[in-house]
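# Examination of the molecular architecture
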Amino acid sequence: MKRSAKGNMLLFMAAIIWGCALVAQKAGMSHMGPFGFTAIRCTMGGLVLLPLIWHLDRKKTTEEKQNEAGRKETIIGSVVCGLVLMILILFQQFGLPFTTVGKAGFITALYILLTPVMGIFLGKKAGKNLWIGVLIGLAGMYMLCLYEGASGLTFGDLMMLCAAVAAAAHIHVIDHFVQNIDPVKLSSYQFIVCGLACVIPMFIFEDISMEAIIDCAVPILYAGLISCGLGYTFQVIGQTETDPSLASLILSLETVFSLLAGWIFFKEILSVPEYIGCGLMFIAILVSQMPDRKVKKM
């Protein structure tokens, strides 16, 4: 199998895994509170990446190891990214019981549009295709949540919108710290920070029991080992063998798989306007990621 074909397949599998992750997160809420589920899931997800870190470290040259950030910068980066990640995941966990998996996936995916928009305030330029994507995305958001008026916008939808903003912020803090910190290490450590940060509120606000954890074993294992560990590993390996623009397009299929997963596992059926909204938002994602054409000089 050619390198590009192998990379595309791994990215496609990552999109499927992440598309089904919201199913596991929603199912987990039937047995555990948002803090408890996030604490166990993310700690497990961070730990499962440690063997990958060890494997990749063995392949690094002496120069690459010397260029890595020191312990202090690694700790600061992991803590900041981990806390922002915690906010993102908790918005999802609190909102999932009040919306469908499909809508949650598409609304959260607005981060793909919000990330470059947020970047404008950080001095980064935005191309024409982004603004076209934003307009299409707003139309999709209207069809998905506001077609029947303000009453159609649920608490869960608002939480997913907050999650999208947090996801965009998370990408920017990742972009800041990953310049010097190994990306796989940063991912692993931020998951661990996120999980540990939820432990204290878990004991304060929730009743945690071994019986609940056992009942929630499958969603936790999927969200922790498969989504965090395996999905991220597929993404890392896949992106090394695939063009970045194609990789982002393949990974955006996560939204479609979340819609299918909600229908398969929870029998969630959206209305016709909501399906149109999902379609518009998916088009917005694709358009926003297309490179702008350069005008030829005469």
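A brief report on the enclosed structure follows. (Residues numbered from 1 in each chain as written. Predicted model: local features only at pLDDT ≥ 70, side-chain atom pairs only at ≥ 80, totals over all residues. Heavy atoms only, no water.)

### Quick word on the overall build of the protein chain
Counting its secondary structure elements, the protein chain contains 16 helices and zero strands. Its C-alpha radius of gyration of 19 Å places the protein chain within 12% of the 19 Å reference for a compact globule of 298 residues. For the protein chain, the C-alpha atoms occupy an extent of roughly 70 × 55 × 40 Å along the three principal directions. In the protein chain, which comprises 298 residues, the proportion classed as buried is 49%. Approximately 15,500 Å² of the protein chain is accessible, and the part contributed by carbon and sulfur atoms is 69%. Distance between charge centroids for the protein chain: 12 Å, based on 21 positive and 19 negative side chains. (Helix = DSSP H or I, 4+ residues; strand = E, 2+ residues; numbered from the N terminus. Rg over C-alpha atoms; globule rule 2.2 N^0.38 Å. Buried < 20%, exposed > 50% of the residue type's maximum accessible area, 1.4 Å probe, protein only. Areas by Shrake-Rupley, 256 points an atom, 1.4 Å probe, with all protein chains shown as cover. Lys, Arg positive; Asp, Glu negative; His and termini not counted. Charge placed at Lys NZ, Arg CZ, Asp CG, Glu CD.)

### Concerning the packing of aromatic side chains
For the structure shown, the criterion picks out four aromatic pairs. Site record: aromatic cluster; members linked through ring pairs are F35, F94 and F205. Sitting over the ring of F266, K26 keeps its end group 5.4 Å from the ring centre. (Phe/Tyr/Trp six-rings, centres within 6.5 Å; stacked < 30°, edge-to-face > 60°. Lys NZ or Arg CZ within 6 Å of the ring centre and 35° of its normal.)

### A look at helix α2 (residues 34-48)
With 15 residues, α2 extends 21 Å between its outermost C-alpha atoms, agreeing within 8% with the 21 Å of an ideal straight helix rising 1.5 Å per residue. Burial analysis of α2 places eleven of its 15 residues in the buried class, the great majority of the element. All of the buried residues along α2 are P34, F35, G36, F37, T38, A39, R41, C42, T43, G45 and G46. (Expected span 1.5 Å × (residues − 1).)

### So, unusual backbone geometry
Even without a glycine there, the phi angle at K267 is positive, about 55°. Its location among the elements puts K267 in the loop between α15 (254-266) and α16 (272-288).

### Considerations on the environment of F12
Within the secondary structure layout, F12 lies in helix α1 (residues 3-28). A sequence separation of 268 residues divides F12 from L280, and the C-alpha atoms of the two residues are 21 Å apart. Those residues in contact with F12 that lie beyond four places of it in its chain are I250, L253 and F257. (Contact = heavy atoms within 4.5 Å.)

### What to know about the side chain of Q235
Relative to the helices and strands, Q235 resides in helix α13 (residues 217-239). If we skip the residues at most four places from it in the chain, Q235 touches L11, A14, W18 and L251.

### Side note on the pattern of salt bridges
Per the stated rule, a full pass over the model turns up six salt bridges. Between K26 and E268 there is a salt bridge whose closest N-O contact spans 2.9 Å. Here the residue K26 occupies a position in helix α1, and E268 occupies one in the loop between α15 and α16, the gap between them amounting to 242 residues. For K26, a relative accessible area of 16% corresponds to the buried category. Note that K103 and E274 form a salt bridge whose closest N and O atoms lie 3.5 Å from each other. Of this pair, K103 sits in helix α6 (residues 101-108) while E274 sits in helix α16; the two residues are 171 residues apart in sequence, bridging distant segments of the chain. Judged by relative accessible area, which is 5%, K103 ranks as buried. Looking at E274, the relative accessible area reads 17%, which means it is buried. Because the salt bridges share partners, they merge into one network encompassing D57, K60, D182 and K185. (Salt bridge = Lys/Arg side-chain N within 4 Å of Asp/Glu carboxyl O.)

### A closer look at the side chain of S288
Looking at where S288 falls in the secondary structure, it is placed in helix α16. Of the residues examined, S288 reaches a relative accessible area of 16% and is grouped as buried. Polar side-chain contacts of S288 include one of 2.9 Å to the backbone oxygen of I285. Excluding anything up to four places from it in sequence, S288 contacts I112, L113, N129, L130 and G133. (Polar contact = N/O pair within 3.5 Å; in protein donor to acceptor, adjacent residues only side chain to side chain.)

### Regarding the packing of helix α8 (residues 128-146) against α16
Two measures define how a pair of helices packs: the angle their axes make with one another and the distance between the axes. Between α8 and α16, the shortest axis-to-axis distance is 7 Å and the interhelical angle comes to 165°. One way to sum up the angle between α8 and α16 is to call them roughly antiparallel. Both α8 and α16 take part in a crossing whose hand is left-handed. Facing N129, L130, I132, G133, I136, G137, A139, G140, M141, M143 and L144 of α8, the residues of α16 in contact are P273, E274, I276, G277, C278, L280, M281, I283, A284, V287 and S288. Partitioned by chemical class, the residues of the contact of α8 with α16 number 15 nonpolar, six polar and one charged. (Axes fitted to C-alpha atoms, helices over the stretch in contact; angles between N-to-C directions. Parallel < 35°, antiparallel > 145°, perpendicular 65-115°, else oblique. Left-handed = near helix turned anticlockwise from the far one by under 90°. Nonpolar A, V, L, I, M, F, W, Y, C, P; charged D, E, K, R; others polar.)

### Side note on the environment of D57
Its place among the elements puts D57 in helix α3 (residues 50-59). Here D57 is in contact with K65, E68 and K185, once residues within four sequence places are set aside. Within the local environment of D57, its side chain forms a polar contact with the side chain of K60, the two groups lying 3.2 Å apart.

### What to know about the nonpolar core
Of all hydrophobic cores here, the largest spans 24 residues; its most connected members are F106, I107, L110, M141, L144, C278 and M281. Counting residues per element, the ones that place at least two in this core are α1, α6, α8, α9 (155-177), α15 and α16. No other element matches the five residues that α8 contributes to this core. Setting aside residues up to four positions removed in sequence, M281 forms contacts with F106, I107, L110, G137, G140, M141 and L144. Counting residues in hydrophobic clusters, the runner-up holds 21 residues, among them F35, V184, F191 and C228. (Core = buried A, V, L, I, M, F, W, Y, C linked by side-chain atoms within 4.5 Å.)

The analysis is restricted to geometry; functional conclusions fall outside its scope.
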